[in-house]
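Structural overview
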Amino acid sequence: MKSQPSTKHRERSAGRTKHRSKRGPKMAASTGTGTGTGTESTLLTFRLVRRSFVLQTKEFFDNSTLHGVRYIAEDGRPFFERFMWFCFVAFGFIAAVVIIFSLWEKFQTNPTITGLDTDFHNQQVIFPTVLLCPTAPFDDEAVHRVAYQVLGGYEDGSDAYEPFLRLLTQLSYDSLREVAATLSDLPAASGTLRTANLRDLVFQVAVRCNDTFAVCRYKDENIDCCDMFKPIYTEHGFCFGFNARYTNSWNVETLNTEVHVLFETDKKWGLTFEPLRESHIFVHSYNEISGWDFQPQVLWDVDSKVEFLISMKQTYTTDDAQQLSIGQRKCIFPEEEKLQFYQDAYTFSGCMKECRIAKSLQFCKCVPPFYAPIRSIPICRVANLPCLSEYTDNITNIHSCQSCELGCLNTVYDIEKYSKIIRTEEEQQEAQVTIEYLTWPIIRYKREVLFGWVDLLVSFGGIAGLFLGFSLLSGVEIMYFFTMRTFCMVHKNRDELVAIERQKSNRAVRQIELGLRPVQRRQRQPHQGQQPRTGATDRADPYERVQEQQIKLIKLISHDAKLLLGNRLDQFDAQRYAMKRMPPPRKHSVTVATDTHHYNRPGGEQLAARGAGHDSYVYHGFLP
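Residues numbered from 1 in each chain as written. Predicted model: local features only at pLDDT ≥ 70, side-chain atom pairs only at ≥ 80, totals over all residues. Heavy atoms only, no water.

1. Section: the confidence of the model for the chain
- Summary statistics for the chain give a mean pLDDT of 76 and a share of 73% for residues scoring 70 or more.
- Across residues 1-36 the pLDDT falls below 50, and counting only partners more than four positions away or on other chains, this stretch makes 18 contacts in the model.
- Contacts from residues 509-523, a stretch scored under 50 in pLDDT, to residues over four places away or in other chains number 31 contacts. (pLDDT = per-residue confidence, 0-100. Contact = heavy atoms within 4.5 Å.)

Below you can see the structure in the form of structure tokens.
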């Protein structure tokens, strides 16, 4: 007798367990308590991370050191007050960002300042490079000898090579076309000229130093002109250089180590020489390499006296500027970058010269003969001169050499006073050239850092602290809350997040299904090992009695709804079909049912089926 209630209790428990198992996986997937598939697990993790991120955002707003942020998310504050603080914080953030961007632009474009250096006494000033390039830098006797012996082979008609040899000593980018045009007048059967080293020919026929200078004086003391002026074959032709950075011969180019300097106590700060040929005179800094980047300051004529006084303006950069990039300071330190061919120190003229060499190799696979032999780079021969004349404009175009910047030690010379006197028979004046400094001190400018990285950091911190109360530790807090703290909460407090997510899901408004589907009559199968229960037993179950009361309530609401809506629908259908003279269609009954989960309970579907006819539909909605 005591075992029978236990059996019934186990049967009811088994029925409830089966009922829960039907909807268990769905609830587990939604709340995250079940295992589920890989997609469901990933979705669950994403929801937990999102929930953790929301909670950490709320906690960050409550405990942040940023001014005004805590009032935006504080509970109990009216909406107007929250919106007001949000506007204040947003305005401070925008203002700080705008000012920070302006400071960053200033740091990128103008981080240095150039001022006058007042320490000008006892300076060791390097005398500028003086380049003298005769307009006719050839020796007629040497030209005739080379043309007859070397190129002509002691044969008649060898004088046809003489115009070519004269132009070869004046070879530059300006005269390349003229030199290439003379090739058509040369004998075509000359194999010696096709294989000849043009640079070697230039040094054989070039004018000698003794035929170019008469008298030279430096610091008002007589000097040997040929010891001071060295032969140089440059992009302006054959020249002689005083205090030049590089000197060269037909097969090698060497760095000049004998630098001439000036002191404030010197007797005279100038150089005087007497040329014997009409010449172009160039004056530029010793730190630069003589070449196409410089133009002549003076064209000296025979029987004239030229004197020009110069002033030197030198700009140097302090070592602190090395913390800036090349684009910011707009200069390159001598040891900062190594050129490919002139590796002793970086110079702007050397960089431009290497750029022209690279373009000559690109277009013609060789370099013009006025460049000294550089490693294994081939020197152009006679057959390559037409190619050089064709691509002269491309080679000398400076727009393709934009990577070359000025050196951080930059020196320029200005002509302050220039005088030229033509010598006459009455005035027995010396035909000479004088280059002299106008005054001492030498003007020097110092470029130093105005806005460095430390200044930029201080400015950023001051602006962010003024408008937002922001500091470096505030940034660390932001990273801490939204990275480490968020994911650690998902890992360590997973059960709490699942409970919060489940609570939020229960509070959410369930979706309403407004579809109509036919009710399928289905006989409820008993559980395995369980006998079908009689009507008396069913009624004896309290759970069944609750369901019967719910079905009665549903029928009552359904009946009222049909009475209210049926009359309106009958009147509308009668009018519509009366106008079309058609018989009215067969009516379908409507049965209103509550949430679909009621039918999952035992007997729910049978009761719903009994409440609807064969052609009836069940409305699965939610009653208010």
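2. Examining helix α12 (residues 348-364)
- Taking 1.5 Å of rise per residue, 17 residues should cover 24 Å, and α12 covers 24 Å from first to last C-alpha, within 8% of that figure.
- For α12, the buried fraction is high: twelve of the 17 residues fall into the buried class.
- The inward-facing, buried residues of α12 abut β9 (253-255), α13 (385-390) and α14 (392-395).
- Two or three places before Gly350, at the start of α12, stands the capping residue Thr347, its side-chain oxygen 3.1 Å from that residue's backbone nitrogen.
- Backbone geometry just downstream of α12 places Lys365 in the positive-phi region, at approximately 65 degrees. (Helix = DSSP H or I, 4+ residues; strand = E, 2+ residues; numbered from the N terminus. Expected span 1.5 Å × (residues − 1). Buried < 20%, exposed > 50% of the residue type's maximum accessible area, 1.4 Å probe, protein only. Polar contact = N/O pair within 3.5 Å; in protein donor to acceptor, adjacent residues only side chain to side chain.)

3. Some words on the sheet that holds strand β6 (residues 229-234)
- If you trace the five strands from one edge of the open sheet to the other, you get β6-β7-β3-β12-β13, paired in antiparallel fashion. Every interior strand has two partners, whereas the edge strands, β6 and β13 (298-300), have only one. Adjacent strand axes in the sheet meet at a mean angle of 30 degrees when their direction is disregarded.
- Direction of pairing for strand β12 (residues 279-284) relative to β13: antiparallel, over a ladder of three bridges. The partner of Ile281 across the bridge, within β13, is Val298. (Pairing = 2+ DSSP bridges. Axes fitted to C-alpha atoms, helices over the stretch in contact; angles between N-to-C directions.)

4. Details of the state of the cysteines
- Considering all chains together, one arrives at eight disulfides under this definition.
- Covalently, Cys133 is tied to Cys239 through a disulfide, its sulfur atoms 1.9 Å apart. Between Cys133 and Cys239, the disulfide has an S-S torsion of 100 degrees and is therefore right-handed. Of this pair, Cys133 sits in strand β3 (residues 129-134) while Cys239 sits in strand β7 (residues 237-242), placing them 106 residues apart in sequence.
- Sulfur-sulfur distance for the disulfide between Cys216 and Cys225 comes to 1.9 Å. Between Cys216 and Cys225, the S-S torsion sits near 120 degrees, and that sign places the bridge as right-handed. Like Cys216, the residue Cys225 is buried in the burial classification. (Disulfide = S-S within 2.5 Å.)

5. Notes on the packing of helix α5 (residues 140-151) against helix α6 (residues 162-169)
- Running from N to C, α5 and α6 point in directions that differ by 125 degrees, and their axes come no closer than 9 Å. Here α6 runs oblique to α5, going by the angle between their axes. Classified by chirality, the crossing of α6 by α5 is right-handed. Along the contact surface, α5 presents Asp140, Val143, His144, Val146, Ala147 and Leu151, while α6 presents Glu162, Leu165 and Arg166.
- A per-class count over the contact of α5 with α6 returns five nonpolar, one polar and three charged. (Parallel < 35°, antiparallel > 145°, perpendicular 65-115°, else oblique. Left-handed = near helix turned anticlockwise from the far one by under 90°. Nonpolar A, V, L, I, M, F, W, Y, C, P; charged D, E, K, R; others polar.)

6. A short note on the nonpolar core
- Formed by 87 residues in total, the largest nonpolar core has its most connected members in Phe164, Phe273 and Tyr437.
- Apart from the residues lying within four places of it in its own chain, the contact partners of Phe164 are Val179, Thr182, Leu183, Leu186, Leu193, Leu198, Val382 and Leu385.
- Leu103, Phe107, Phe451 and Ile463 belong to the second largest nonpolar core, which has seven residues in total. (Core = buried A, V, L, I, M, F, W, Y, C linked by side-chain atoms within 4.5 Å.)

7. Side note on the packing of α6 against helix α9 (residues 198-205)
- It is the contact of α6 with α9, at a shortest axis distance of 9 Å, that shows an interaxial angle of 90 degrees. On the basis of the axis angle, α6 is roughly perpendicular to α9. Side by side, α6 and α9 meet where Phe164, Leu165, Leu168 and Thr169 of the first sit next to Leu198, Leu201, Val202 and Val205 of the second.
- Residues belonging to the contact of α6 with α9 are distributed by class as follows: seven nonpolar, one polar and no charged.

8. Re the side chain of Thr169
- Within the secondary structure, Thr169 is located in helix α6.
- Those residues in contact with Thr169 that lie beyond four places of it in its chain are Pro137, Phe138, Val202, Val205, Ala206, Tyr233, Gly237 and Phe238.

9. Points about unusual backbone geometry
- Phi is positive for Asn243, close to 60 degrees, though the residue is something other than glycine.
- In this structure, Asn243 sits in the loop between β7 and β8 (246-248).
- Positive phi, normally seen in glycine, also occurs at Lys330, with a value near 60 degrees.
- You can see Lys330 is positioned in the loop between α11 (326-329) and α12.
- Here Lys330 falls in the partly exposed class, since its relative accessible area comes to 45%.

10. With respect to empty space enclosed by the protein
- One pass over the structure, following the stated rule, counts three cavities of 30 Å³ or more.
- Each pocket or cavity is described by its volume, and for the second largest cavity that value is around 80 Å³.
- Surrounding the second largest cavity, Ile232, Tyr233, Thr234, Ala244, Arg245, Tyr246, Asn248, Glu253, Ile289, Ser290 and Lys353 form its lining.
- Those elements giving two or more residues to the lining of the second largest cavity turn out to be β6 and β8.
- Here the lining of the second largest cavity gets three residues from one element, more than from any other, and that element is β6.
- Taken together, the residues of the lining of the second largest cavity sort by class into five nonpolar, three polar and three charged. (1 Å grid on protein atoms, 1.4 Å probe; cavity = no way out; pocket = protein on both sides within 12 Å on 5 of 7 lines; lining within 4 Å. Points joined across faces, edges and corners; volume = space filled by probe spheres on them.)

11. Description of a negative patch on the surface
- On the surface, Asp319, Asp320, Glu335 and Glu448 cluster together into a negatively charged patch.
- Along the chain, Asp320 falls in the loop between β14 (304-317) and α11. (Patch = residues over 30% accessible without salt bridge, like charges linked within 9 Å, V, L, I, M, F, W, Y side chains within 5 Å. Areas by Shrake-Rupley, 256 points an atom, 1.4 Å probe, with all protein chains shown as cover. Salt bridge = Lys/Arg side-chain N within 4 Å of Asp/Glu carboxyl O. Lys, Arg positive; Asp, Glu negative; His and termini not counted. Charge placed at Lys NZ, Arg CZ, Asp CG, Glu CD.)

12. Quick look at the pairing of strand β16 (residues 433-437)
- The buried fraction of β16 amounts to five of the five residues, a majority that puts the element mostly inside the structure.
- Residues Val433, Ile435 and Tyr437 point to one face of β16 and Thr434 and Glu436 to the other, with burial holding for every one of them.
- Where strand β11 (residues 270-275) and β16 come together, four bridges link them in antiparallel fashion. Note that in β16 the partner of Leu271 across the bridge is Ile435.
- Two strands pair when backbone bridges link them, and β14 and β16 are joined in this way by five bridges, in the parallel orientation. Paired with Leu309 across the strands is Glu436, a residue of β16.

13. A closer look at the packing of aromatic side chains
- Within this structure, the stated rule accounts for 28 aromatic pairs.
- Ring centres of Trp85 and Phe88 lie 5.8 Å apart, and the angle between their planes is 90 degrees; on these two criteria the pair is classed as edge-to-face. With Trp85 and Phe88 both in helix α4 (residues 79-109) and three residues apart, this pair spans about one turn of that helix.
- Overall, Trp85 belongs to the partly exposed group, its relative accessible area being 25%.
- Its relative accessible area of 49% is what places Phe88 among the partly exposed residues.
- Ring geometry for Phe238 versus Phe240: centroids 5.6 Å apart, planes at 90 degrees, classification edge-to-face. (Phe/Tyr/Trp six-rings, centres within 6.5 Å; stacked < 30°, edge-to-face > 60°.)

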